[in-house]
Amino acid sequence: MCLADVPPDPERPVSDSPAAPLGRILAIDDDRDLLENFSFCLESSGFRVHTASTLQDGMKLAASQPFHVCLLDRSIGAESGMDALPRLRELAPQMRVIMVTAHSRVDDAVRAIAEGAADYLVKPCSPEQLRVAVARQMDTQRMLEKLERLEREGPRERAAPTSRNPAMARLLTLAEQVARTDANILLLGESGTGKGVLANALHEWSPRAAAPMATINCPSLPAELLESELFGHAKGSFTGATQSTQGRVSNADGGTLFLDEVGDFPLALQPKLLRFIQDKEYERIGDPVTRRADVRIVSATNRDLDAMVRDNSFRLDLLYRLNVISLVLPPLRERLEDLEDLAMTFIARYARSYHLPAARLAPSALARMRAYAWPGNVRELQNVMERAVILCPGEEIGADLLSLGSAPAGAGDPAAVLSPGAPVTLDELERRHIEAVLANAETLDAAARTLGIDSSTLYRKRKAYGL
Ligand SMILES: Nc1ncnc2c1ncn2[C@@H]1O[C@H](COP(=O)(O)OP(=O)(O)OP(=O)(O)O)[C@@H](O)[C@H]1O
């Protein structure tokens, strides 16, 4: 049976209904019956299909919404789909175009591929041929997105977190349960407790796992760049905008957007984020076209958002939208049952990456670790283990190799470490100075001002030093 013979189903649910479709498809063809049949066939396989019966409408849709795959008729009325291909590719470079034609001419196929089509489908085609062609492009599309994401974000913790601590284990069970819904989730907890790791796990556990996850570290970007990073910009919309960009919300369509350190999200930009969360609509900078993207928002912060609402630096309506479910990660000192497993994970990881033997932890080292408060939480443990692996001369990591808390070996008085000429590296001096300023400052902004650096630089340095 070919697609033209498939009867449209009057009981079929209206398109646009599934929350997280397998992929978004745009079909452009002047044959309305064929469009109906394409939609029926693909929507019953879990795709969301938008159709256009003129080239102009198709272009408008491609410019305003992200699609994974486009089925483009070779001739649409008097217009040529083939001639429109380069413009369509320019409008939506990430979209994979399958050229559909009634003529099985090899030279047409060659031209379509040369113009940037990803594949070629000859009408009449069977539902199976259509599904296979679309599924193949979806696979390629996902793989490219994944590669791009890995390149952009670098390596990150991928294993799902587990815990021997009853409170943390309960939290992970709850997280797995809410991951299956589309509710926005706010992760709270001290710095380094694993909010980023849990955000990744929430995405992986969700029905959106096949789609991308995009991460924005809110304080790492100046306010002006944050808007462009989130929503994209048009070419020429500001100095230096030599290319148009589609922004992370579009990259994450169908998936998850992780707003890390959301407490640092600029107040001036909060209404735009709120509107996007409520209506799923946004505009790129310098481009009036209203676009849509379907993302689930996970955000994280170690700041007291209620206090920020009280002093008017965070919007209450935005907090309500982000905080449909909140999960509070306990500090490491309250889940010491996990200390040994985490330490062994890090030892194995760094032994692998430095090509060193994976040493055991001496009982004395473990006892010392259990007696320590871990103010930097899992991140601090990770840094301590990395150093211990590098310095370990034998098969066992002793307590002497643990650089816990204050001064490095040989330097007793913290003030001495900070004084010019002390026998420490510049990095160590900087780390300790930032640590001391942070301990005395009321806010991160105040600390940044004291240090004479901007908050995004302070954010990067805190991450790098595990503070
Ligand atoms: N369960 C875990 N297993 C392995 N590594 C972990 C785990 N939890 C946290 N880590 C590691 O600890 C470090 C800190 O974790 P993460 O960045 O997720 O914390 P965070 O709470 O988001 O910190 P911040 O608030 O500073 O952004 C990361 O390098 C992460 O890989």
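Quantities reported herein were computed from a predicted structural model and do not represent experimental measurements.

Engineer: Which residues make up the UniProt feature "modified residue: 4-aspartylphosphate" (unreviewed entry) in the chain, and what values do they have?
Structural biologist: Taking the UniProt record as the reference, the feature "modified residue: 4-aspartylphosphate" (unreviewed entry) is found at Asp73. Its place among the elements puts Asp73 in strand E3 (residues 69-73).

Engineer: Explain the packing of helix H13 (residues 339-353) against helix H15 (residues 377-391) residue by residue, including any values.
Structural biologist: Put simply, H13 and H15 touch, their axes get as near as 9 Å, and they point 45° apart. On the basis of their axis angle, the class for H13 and H15 is oblique. Crossing of H13 against H15: the hand is right-handed. Across from Leu342, Ala343, Phe346, Ile347, Tyr350 and Ala351 in H13, the residues of H15 making contact are Val378, Leu381, Gln382, Met385, Glu386 and Val389.

Engineer: Before we move on, could you go through the sheet that holds E3 and cite the residues and values that matter?
Structural biologist: The five strands are arranged E2-E1-E3-E6-E7 in an open sheet whose pairing can be described as parallel. On the outer flanks of this sheet lie strand E2 (48-52) and strand E7 (119-122), each paired with one strand and no other. Across the sheet, the mean angle from the axis of one strand to that of its neighbour is 20°, orientation sign disregarded. Sitting on the sheet, helix H2 (residues 55-64) touches strand E1 (24-28), E2 and E3, and the angle it makes with E1 is about 160°.

Engineer: An account of the pairing of E2 is requested, with residue identities and associated values reported.
Structural biologist: With respect to burial, E2 is a largely interior element, five of its five residues being buried. Burial along E2 is two-sided: Arg48, His50 and Ala52 facing one way and Val49 and Thr51 facing the other are all buried. Sheet topology note: the E1/E2 ladder contains five bridges and is parallel. Each bridged residue has a counterpart across the sheet, and for Arg24 the counterpart in E2 is Arg48. Taken together, E1, helix H1 (residues 32-43) and E2 form a β-α-β motif whose crossover is right-handed.

Engineer: Explain the pairing of strand E6 (residues 96-101) residue by residue, including any values.
Structural biologist: Within E6, five of the six residues are buried, leaving the element largely enclosed by the surrounding structure. By the bridge criterion, five bridges tie E3 to E6 in an arrangement that is parallel. In the strand pairing of E6, Val69 is matched with Arg96. Where E6 meets E7, four bridges bridge the pair, whose relative direction is parallel. Its bridge partner lying in E7, Val100 is registered against Leu121.

Engineer: So what's going on with the environment of Tyr459? Residues and values would help.
Structural biologist: Checked against the element boundaries, Tyr459 lands in helix H19 (residues 455-465). Looking at Tyr459, the number of C-beta atoms within 10 Å reads 21, which means it is buried. The sequence separation of Tyr459 and Ala448 amounts to 11 residues, and the corresponding C-alpha distance is 9.1 Å. With residues near it in sequence (within four places) discarded, Tyr459 still touches Pro219 and Ser220.

Procedures and definitions
- Residues numbered from 1 in each chain as written.
- Predicted model: local features only at pLDDT ≥ 70, side-chain atom pairs only at ≥ 80, totals over all residues.
- UniProt positions renumbered as here; feature names shortened; annotations may be inferred.
- Helix = DSSP H or I, 4+ residues; strand = E, 2+ residues; numbered from the N terminus.
- Axes fitted to C-alpha atoms, helices over the stretch in contact; angles between N-to-C directions.
- Parallel < 35°, antiparallel > 145°, perpendicular 65-115°, else oblique.
- Left-handed = near helix turned anticlockwise from the far one by under 90°.
- Contact = placed C-beta atoms within 7 Å.
- Pairing = 2+ DSSP bridges.
- Buried ≥ 20, exposed ≤ 12 C-beta atoms within 10 Å, placed from the backbone.
- Right-handed = clockwise from strand over helix to strand, strands pointing away.

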